[in-house]
Amino acid sequence: MTTLADYLTNHLQQHANDSVLSSALQSTIQTIAEVGVDISKLLQRGALADIHGEAGNQNVQGEEQKKLDVISNDMLLDALSKNPVCAGVASEELDDSTPANANGELLVLFDPLDGSSNIDINMSVGTIFSILPYKNKGQTACNEDFLQKGREQLASGYVIYGTSTMLAFTTGQGVVMFALDPSSDEFVLIEENVTIDPSTKEYAINMSNYRHWLAPMRQYIDELNAGETGVRGKNFNMRWIGAMVGDVHRILCRGGLFSYPTDTKDPKKPAKLRLMYEANPMALLIEQAGGLATDAITDILDIEPTEIHQRVPVVLGSSEEVERVRELHG
Ligand code: FBP
């Protein structure tokens, strides 16, 4: 049985060409995992822990915050800010980044509780994280320091709170998965080098937005829905968990396509998902598992960020399907 601590010690030392950076990565992933255990326990207690319902205020995205959005945000912010390797933290729930230790090596971004509309209905939710290098050591970190392309990420991953609690991450050498052992509060290694099949028969999209999509996306989904009677010549099945972390976890487990495309619902908000807290970390995982991740045309990891809360269209998963979407958006 390999615990997270063992794995991080062995794995990162092996692959490290910078031991300072690797031990910084090690302690940061360990810190996030420890908070993940605490959030998992709160979720296990559910309504008994008074974590259901609204927090009574809106976040910078203009969304009603759930109680657990705020609780999990504060737990992560507190733990990471106390970690000396962490120079700064940025959260989906906070307007601006929070400077931490100016001599730290790393910047951490997180969506403390992805899929928060699932909390009150006892469905899967998750914590998504992205780790970037801090390039202005000795200075106080600010929002601009976080505006690095997704390719600059040193690591990314998520903790999913589902039927069991699991952790999946990459440090650029493939994707690994751990399961939480509730009897020891330890994450135990269950799979290394997770790979995604290039072809699939499963897709995930919020079909209720169909009339708001651009023509190429409607054509792609029409092709899938035509199944074996159409140009694709095979039937496709649909899933939608309402939490990106859940849909991406399914894709890492059995392949598939996930998309939250651009839409015309609200001209001021042509996309829903956040580049820095959702798209970039998930895109790195998917690419490291042999899949693809685009905004329908451009690889997500090559998008130059302009502000820490920017939103992007997302198409990710099994490469054949992502390429078909790219072709139709040609
Ligand atoms: P947050 O819950 O972090 O705001 O994330 C957005 C999200 O919940 C994704 O996880 C999910 O894929 C999508 O929105 C669901 O959107 P919709 O409610 O439109 O189906």
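Right above here is the structure, for reference.
For every chain, the first residue of its written sequence is number 1, and the numbers climb from 1 along that sequence. The predicted origin of the model limits local features to residues at a pLDDT of at least 70 and limits the giving and counting of side-chain atom pairs to 80 or more, whereas totals for whole chains, interfaces and linings rest on all residues. Neither water nor hydrogens contribute to the side-chain values; these are computed over all heavy atoms in the structure.

What about the packing of helix 4 (residues 215-226) against helix 7 (residues 319-328)?
Here's step 1: Orientation of helix 4 relative to helix 7, taken along the N-to-C sense of each, is 135°, at an axis distance of 9 Å. As judged from the angle between their axes, helix 4 and helix 7 are oblique. Every pair of crossing elements has a handedness; the one defined by helix 4 and helix 7 is right-handed. Contacts between helix 4 and helix 7 involve Pro216, Met217, Gln219, Tyr220, Glu223 and Leu224 on the former and, on the latter, Glu321, Arg324, Val325 and Leu328.
Here's step 2: For the contact of helix 4 with helix 7, the class distribution of residues is six nonpolar, one polar and three charged. Under this scheme, a helix contributes an axis fitted over its contacting stretch, all axes are lines through C-alpha atoms, and angles between N-to-C directions fall in the 0 to 180 degree range. Segments assigned H or I by DSSP are reported as helices when at least four residues long, segments assigned E as strands when at least two residues long, and all are numbered from the N terminus. Should an angle fall under 35 degrees it is called roughly parallel, over 145 degrees roughly antiparallel, and 65 to 115 degrees roughly perpendicular, with every other angle called oblique. Left-handed describes a crossing in which the near helix is turned anticlockwise from the far one by less than a right angle; the clockwise case is right-handed. It only takes one pair of heavy atoms within 4.5 Å for two residues to be counted as in contact. Note that Gly is not counted as nonpolar here; it falls among the polar residues with everything else outside the nonpolar set of Ala, Val, Leu, Ile, Met, Phe, Trp, Tyr, Cys and Pro and the charged set of Asp, Glu, Lys and Arg.

Remarks on the site of the ligand
Here's step 1: Around the ligand, the surrounding shell holds 17 residues, and the nearest of these are Asp114, Gly115, Met244, Tyr260 and Arg274.
Here's step 2: Identification of polar contacts relies on pairs of N or O atoms within 3.5 Å, with a donor-acceptor requirement for protein atoms, meaning one able to donate a hydrogen and the other able to accept it, and with residues adjacent in sequence counted only if both atoms are side-chain atoms. The contact in question runs from an oxygen atom of the ligand to an N or O atom on the side chain of glutamate 92, over 3.2 Å.
Here's step 3: For the ligand, whose unbound accessible area comes to 470 Å², protein coverage reaches 86%.
Here's step 4: Judged by the fraction of its atoms near the pocket grid, the ligand is located in the largest pocket.
Here's step 5: In terms of residue count, the dominant contributor to the shell around the ligand is strand 5 (residues 106-114) (three residues).
Here's step 6: Among the residues making up the shell around the ligand, the classes are represented as seven nonpolar, four polar and six charged. Only a single heavy atom is needed: when it lies within 4 Å of a molecule or strand, its residue is near that molecule or strand. Here the accessible surface of atoms and residues is derived via Shrake-Rupley with a 1.4 Å probe, and residues count as covered only by protein chains that are part of the display. In this analysis the probe radius is 1.4 Å and the grid spacing 1 Å, with only protein atoms considered; a cavity is a set of points the probe fits into but cannot get out of, a pocket is an open set with protein on both sides within 12 Å along at least five of seven lines, and lining residues have an atom within 4 Å of a point. If over half the atoms of a molecule are within 2 Å of the grid points of a cavity or pocket, the molecule is regarded as sitting in it.

Quick notes on the sheet that holds strand 8 (residues 165-170)
Here's step 1: Two strands pair if DSSP finds at least two bridges between them. With mixed pairing, eight strands are arranged side by side in an open sheet as 4-3-5-6-7-8-9-10. Each having just a single partner strand, strand 4 (98-99) and strand 10 (186-191) make up the two edges of the open sheet.
Here's step 2: Alignment of strand 6 (residues 125-133) against strand 7 (residues 155-161), held across seven bridges, turns out to be antiparallel. Within strand 7, the residue paired with glycine 126 across the bridge is isoleucine 160.

Details of helix 7
Here's step 1: A 1.4 Å probe rolled over the protein chains alone gives each residue an accessible area, and that area as a share of the maximum for its type sets the label: buried under 20%, exposed over 50%, partly exposed in between. All of the buried residues along helix 7 are Ser319, Glu321, Val322, Arg324, Val325 and Leu328.
Here's step 2: Turning to helix 7, the residues buried within the fold contact helix 4, strand 13 (257-260), strand 14 (292-294) and strand 15 (314-317).

Remarks on the pairing of strand 9 (residues 175-181)
Here's step 1: Where burial is concerned, most of strand 9 is hidden: five out of the seven residues are buried.
Here's step 2: Connecting strand 8 to the antiparallel partner strand 9 that follows it, the hairpin turn spans four residues, and glycine 172 within it adopts a positive phi of roughly 95°.
Here's step 3: The pairing of strand 9 with strand 10 spans five bridges and is antiparallel. Its bridge partner lying in strand 10, leucine 180 is registered against phenylalanine 187.
Here's step 4: Connecting the antiparallel pair strand 9 and strand 10 is a turn made up of four residues, with aspartate 185 showing a positive phi of about 55°.

Concerning the sheet that holds strand 12 (residues 237-238)
Strands in a sheet are paired, the pairing made by backbone hydrogen bonds, and the direction either parallel or antiparallel.
Here's step 1: Pairing is mixed across the open sheet formed by five strands, whose spatial order is 12-11-13-15-14. Two strands lie at the open edges of the sheet, namely strand 12 and strand 14, each paired on one side alone.
Here's step 2: Sheet topology places strand 13 next to strand 15; four bridges connect them, and they run antiparallel. Among the inter-strand pairings, phenylalanine 258 is bridged to a residue of strand 15, identified as leucine 316.
Here's step 3: Where helix 7 meets the sheet, its contacts fall on strand 13, strand 14 and strand 15, and the angle it forms with strand 14 comes to roughly 30°.

These results come straight from atomic positions and should not be treated as a statement about function.
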